[in-house]
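A look at the structure
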Amino acid sequence: MTYLTHAAKLTAISAAIAMGGAAVQAETPELVIYTYDSFVSDWGPGPAVEAAFEETCDCDLIFVGAGDGAALLARLKLEGARSDADVVLGLDTSLIATAKNTGLFAPSGVSASFDLPITWRDDVFVPYDWGYFAFVHNADLAAPSNFRDLADSDLKIIIQDPRSSTPGLGLLMWIKDAYGDDAPAIWQGLSDNVVTVTKGWSEAYGLFLEGEADMVLSYTTSPAYHLIAEEDETKAAALFDEGHYMQIEVAGTLAASDQPDLAERFLTFMISDAFQSIIPTTNWMYPAVLPEAGLPEGFSSLVTPDKALLIPPQDVPALRDAALQEWLTALSR
Amino acid sequence: MADRAVAIIAPRAWPGGLAAAAVAALILSALAAVVWRADASRGLGAGDWSAIRFTVVQATWSAVLSVGLAVPVARALARRRFAGRALLVTLLGAPFILPVIAAVLGLLAVFGRAGWVNLGLDALGAPPVSIYGLHGVVLAHVFFNLPLATRLLLQAWQSIPVERFRLAAQLDLGPRMVFRTLEWPLLMQAVPGALALVFVICLTSFAVALTLGGGPRATTIELAIYQAFRFDFDLGRAAVLSVVQLVLAGGVAVLALWFIPPISFGTGLDRPLTRWDARGGGQRGLDAVWILLATVFLLLPLVAVLGAGLAGLNDVPASVWRAAAASIGVALSSVAVMGVLALPMAALIAPRRRGGIEAVGLLGLSASPLMIGTGWFILINPVANPAALALPVTALVNALMALPFVLRILVPRLRDTLLQYGRLGAALDMRGWALWRWVLLPRLRPQLGFAAGLTGALSMGDLGVIALFADPERATLPLQMYRLMGAYRMEAAAGAALILLVLALGVFWVFDAGGRAGADT
């Protein structure tokens, strides 16, 4: 008897939830955004972005986190056109060509005058933030000023594996772009500087902070975190004279979205001040469109490379496999 | 010694058959799903073959050294009684349940470039040693698995009835003769299974092998699978590599389990263990040295984890505590699932002369978590939202991963019990529930406690497949710890690692002590 009552209650409750859910759906549309894990964490941009957009959109914004950029793309490929996602936020320039080839993305009409070191032209993806890869070190270190100096030095570095990490792939592209056919020789020279290679950024940065290496591959904006969040001025990024490779993070709408208008509205919101001013101190990257209030204090002390490097997204797939092979050969000796 | 291998009575076989079939189906369906979604594949390349070679080499070294070192340590612990021994035995289990990254940071605090060992060497004017390379990979794997191997062997030692040692003492057998007559046959029985288990654990290593291996030389099969999934999106190759992993693990397991001689030390009166042998000063000194070495090696990195964690405890955000609650739920669910699967399977394996079926249990451990996660994602996605199932799926996968440990813990004891109490049980016509209730479960109690503790603790510390399924609302403690690290919050992450360590050890201790209550270990 008790069991039956209980079961009846449960049925009633689930029916109520289902109906309530349906009612809500009819009134407020849902916008599903796939993004990488750290974007949606409590200390990432996700919660603030969600609150800000929901204030204006009369909709329910749902973030779904999936690993990092590459994992995000793999998941989309698995789901295909059946995916629930309306927007994907968090692919970077290395992944754009592969993402376009899936045919899952719809062209967007959103454009703006982006504050990027390069001219942005893409009819599908809209950038929301960007940064330069750089080697981060303790401020008291006499840092090398290019890869050749680094290779000749006794300095120890920790890098990420390009097969499992976006910064790792970024470094591969950086050296390829700066040195072209000399890239294998540079890697050869760096091989005795590399203490170890980690699965992801977190492991590498953690090891660096433990004192396992003199420098770690990260971003020019990393010292800003230490400065602003920890009031710690002991970290700096090394300025390399061959230029710094960029990572531009982008978002796009899916062709199979059931909320195309809302998705487009989100992309417009994404390059507005409300979104862009959240980025610097949550994602620790440069906003794609400079907010009116400018950058937070602390960003002004960061090094700014003279030259921004970026391999055109459409050329990445062709270069990637060969560059990986060169990397493996040089470091596997 | 009773050489008879086939028990007179046996619990029903069909539930075990069903459980084994379910385990195989869960793993193979994931593999099938990946194969089904695969397009044209470029097949295995030269890099994949060298990954396979490296994986086998490091796993073999890790298994041989872990178990080889566990023999003297377990022997010393079995022969000695001292204050704090129970606590030490529990603490020695800690490395095994630490999240990988926390353990690696702990190891590096001791053996790293700026670690204590190198600071000491530097103070002495000696050149520094580098941990990075094959030896670093093996060192880390020994750190993880020496405690497990020690516990498994220790348990085997405890299966010798005290009456045998009494007899040995009456015959005035010295340590050497006791080793030959009692301990050697015991090792023959316990070592192959432990070797197979550690080999399989190390087979799926990825982050540890890469980080401490010092670069792409240390590419394992698991990393190659990772690359196939996300760098090349070549599901076919990922599936082939997963099969290689399964075949390697299965092959080693079947081989090892086949060699285990089905012997039993016969029954005793369950009196508290007293040892009359090895009372000489030399033997005492030797045991003390082994126990001390193992303690220092295993506990120093933990001290580093503890130190970093205490410093970061204040920075831990509230979400970590929510994640901790989720993790406890996952751990307890895993224990329940494990019980449902493992007891019938153990009952199926134990009465048989050879334990080949136990290899099925290894499937869960030897399958790539990424492959299982992706496969189930493909299967679940059309019918339900995978994120809604994140925690149940994690509990299930963690239970599957713990299954081989649990079987290795339960089967020898169950086999002995069936042999020893078989005739009595048959005479009383005990079957089904009565057999479990009055004979098997009471005799298995310490093993069940240990197995449940291990499952719970493992499940607590494992990142498993949650990363593939999770959404912001549902995170386990290890995932939350990684998220903190990913957001520069290394101190808070260290605090979360400490919470995780304490919770996992707590779960382990509650079950293990509950099982051992009243038993003399």
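Not measured: the values here are computed from a predicted model.

Should the sulfur atoms of two cysteines be covalently bonded, the bond is a disulfide. Residue and element names in this part refer to chain A. In total, this model carries one disulfide over all chains according to the counting rule given. Between C57 and C59 runs a disulfide, and the two sulfur atoms are separated by 2.1 Å. The disulfide joining C57 to C59 has a torsion of about -90° about its S-S bond and is therefore left-handed. What makes C57 buried here is its relative accessible area of 4%.

The subject of this paragraph is the packing of aromatic side chains. Note on aromatic pairs: each is described by the distance of the centres and the angle between the planes. Evaluated as defined, the whole model comprises 34 aromatic pairs over all chains. An aromatic cluster is built from Y36, F39, F53, F63, Y128, F266, F269 and F275 of chain A, whose rings are joined through pairwise contacts. Seen from the ring of F231 of chain B, R320 of chain A lies directly overhead, with NZ or CZ sitting 3.9 Å from the centre. Across the ring face of F450 of chain B, the terminal group of R151 of chain B is positioned such that the distance to the ring centre comes to 4.0 Å.

The next subject is the UniProt feature "domain: ABC transmembrane type-1" (unreviewed entry) in chain B. If you check UniProt for "domain: ABC transmembrane type-1" (unreviewed entry), the listed places come out as residues 52-256 and 324-511 of chain B in our numbering. Note that residues 52-256 of chain B is 79% helix and 0% strand, and that its end C-alpha atoms are spaced 20 Å apart.

Right, let's talk about the pattern of salt bridges for a bit. Per the stated rule, a full pass over the model turns up 16 salt bridges over all chains. Here D321 of chain A and R320 of chain A are joined by a salt bridge, their closest N and O atoms 3.8 Å apart. According to the relative accessible area criterion, D321 of chain A is partly exposed, its value standing at 42%. Look at R320 of chain A and you get buried, because its relative accessible area is 13%. The shortest N-O distance in the salt bridge between R237 of chain B and D232 of chain B comes to 3.2 Å. By relative accessible area, D232 of chain B is classed as partly exposed at 24%.

All names here are of chain A. Taking burial as the measure, the five residues of strand 7 (residues 194-198) include five buried ones, the bulk of the element. Here strand 6 (residues 157-160) runs beside strand 7; their pairing, made up of four bridges, is parallel. Across the sheet, the residue bridging to I158 is T196, located in strand 7.

Right, let's talk about the interface of chain B and chain A for a bit. Tallying the contact residues gives 51 residues for chain B and 55 residues for chain A. Taken together, both faces of the contact between chain B and chain A bury some 4700 Å²; the carbon and sulfur share is 60%. If you sort the residues of chain B by the area they bury against chain A, R230, F231 and Y488 of chain B come out on top, with a joint share of 20%. Linking chain B with chain A are three salt bridges. Taken together, the connections running from chain B to chain A amount to 15 residue pairs in polar contact (both at pLDDT 80 or more). Contributions of two or more residues to the side of chain B that touches chain A are made by helix 5 (100-111), helix 10 (207-213), helix 11 (221-231), helix 14 (318-349), helix 16 (369-380), helix 19 (466-469), helix 20 (477-486) and helix 21 (490-516) of chain B. A total of seven residues in the side of chain B that touches chain A trace back to one element, the largest contributor, which is helix 20 of chain B. Partitioned by chemical class, the residues of the side of chain B that touches chain A number 31 nonpolar, 11 polar and nine charged.

Rules behind the numbers
Residues numbered from 1 in each chain as written. Chains lettered and ligands numbered in written order. Predicted model: local features only at pLDDT ≥ 70, side-chain atom pairs only at ≥ 80, totals over all residues. Heavy atoms only, no water. Disulfide = S-S within 2.5 Å. Buried < 20%, exposed > 50% of the residue type's maximum accessible area, 1.4 Å probe, protein only. Phe/Tyr/Trp six-rings, centres within 6.5 Å; stacked < 30°, edge-to-face > 60°. Lys NZ or Arg CZ within 6 Å of the ring centre and 35° of its normal. UniProt positions renumbered as here; feature names shortened; annotations may be inferred. Helix = DSSP H or I, 4+ residues; strand = E, 2+ residues; numbered from the N terminus. Salt bridge = Lys/Arg side-chain N within 4 Å of Asp/Glu carboxyl O. Pairing = 2+ DSSP bridges. Contact = heavy atoms within 4.5 Å. Buried area = accessible area lost by both parts, 1.4 Å probe. Polar contact = N/O pair within 3.5 Å; in protein donor to acceptor, adjacent residues only side chain to side chain. Nonpolar A, V, L, I, M, F, W, Y, C, P; charged D, E, K, R; others polar.

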